[in-house]
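Each chain is listed here by its residues.
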Amino acid sequence: GAVVSQHPSRVICKSGTSVKIECRSLDFQATTMFWYRQFPKKSLMLMATSNEGSKATYEQGVEKDKFLINHASLTLSTLTVTSAHPEDSSFYICSALGRSSGANVLTFGAGSRLTVL
Amino acid sequence: AQSVSQHNHHVILSEAASLELGCNYSYGGTVNLFWYVQYPGQHLQLLLKYFSGDPLVKGIKGFEAEFIKSKFSFNLRKPSVQWSDTAEYFCAVRDGAAGNKLTFGGGTRVLVKP
């Protein structure tokens, strides 16, 4: 089946540093990848949509200079949280849309928990 | 913009009880509807989805959902829950106007007591 891998699963960093989270589709090509943020006890909030080879489309209220998204290939998208602050601590989840075994699939990664000290 | 409402934030029930979780969406055009489950410490998994056809959809693990277009609803049901159904359940909607973006409801945390 279609599998999406996120790395790292947990990361702790100091305030002011930058953190990169990777999202890989392991056995299919993802034409579109989505990045979500999940606050404690709350739902997933879509941050941005990225298509391979083009700039990401950010949702209203999401700072594109703070949350840098790169979708360099059909199997990899990265989210970089720049100059992280404690309020950026959250659970970040990616999902990938593509075709696997002849069917459209939308698969979620396991998420990355970011803690900014 | 599309919005999705899940009316129950927390549900506590005993094993063998029946479960029904409500989901309503706002946009009235062509929609695709999903229910996802997130078990403790795990990633989101698809339970079932509705694209077209029979409005009663059967998914994995004994779950089913009914699409009622006139009520903008897509409620999730399971006749007899198990302790292993303890999880958070999310309803999601993808509408044609928003491309492939999913809009999620706030989630319902279900606790099944053994």
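See above for the structure.
These lines cover the structure that appears in this document, whether it is placed above or below.

### Comments concerning the sheet that holds strand β3 (residues 19–25) of chain A
Residues and elements named next belong to chain A.
Phase 1: The strand order β1-β3-β8-β7 describes an open sheet built from 4 strands, whose pairing is antiparallel. The strands lining the two open edges of the sheet, one partner per strand, are β1 (4–7) and β7 (67–73). Strand-to-strand twist across the sheet, computed as the mean angle between neighbouring axes with direction ignored, equals 15 degrees.
Phase 2: Sheet topology places β1 next to β3; 4 bridges connect them, and they run antiparallel. Counterpart to Gln6 in the pairing with β3 is Cys23.

### Quick look at the packing of aromatic side chains
All names here are of chain B.
Phase 1: Considering all chains together, one arrives at 12 aromatic pairs over all chains under this definition.
Phase 2: Ring geometry for Phe34 against Tyr36: centres 6.1 Å apart, planes inclined by 25 degrees, an arrangement best described as stacked. The pair formed by Phe34 and Tyr36 is uniform in burial state, with each residue classed as buried.

### Some thoughts on the pattern of salt bridges
Residue and element names in this part refer to chain B.
Phase 1: Counted according to the given criterion, the structure contains 7 salt bridges over all chains.
Phase 2: One salt bridge connects Lys58 with Glu64, and the closest N-O pair in it is separated by 2.8 Å.
Phase 3: Where Glu88 meets Arg109, a salt bridge forms, and the shortest distance between an N and an O atom there is 3.2 Å. With Glu88 in strand β10 (residues 87–95) and Arg109 in strand β12 (residues 108–113), the pair connects residues that are 21 residues apart, well separated along the chain.
Phase 4: The network of salt bridges with shared partners includes Lys58, Glu64, Glu66 and Arg77.

Analysis parameters
- Residues numbered from 1 in each chain as written.
- Chains lettered and ligands numbered in written order.
- Predicted model: local features only at pLDDT ≥ 70, side-chain atom pairs only at ≥ 80, totals over all residues.
- Heavy atoms only, no water.
- Pairing = 2+ DSSP bridges.
- Helix = DSSP H or I, 4+ residues; strand = E, 2+ residues; numbered from the N terminus.
- Axes fitted to C-alpha atoms, helices over the stretch in contact; angles between N-to-C directions.
- Phe/Tyr/Trp six-rings, centres within 6.5 Å; stacked < 30°, edge-to-face > 60°.
- Buried < 20%, exposed > 50% of the residue type's maximum accessible area, 1.4 Å probe, protein only.
- Salt bridge = Lys/Arg side-chain N within 4 Å of Asp/Glu carboxyl O.

These results come straight from atomic positions and should not be treated as a statement about function.
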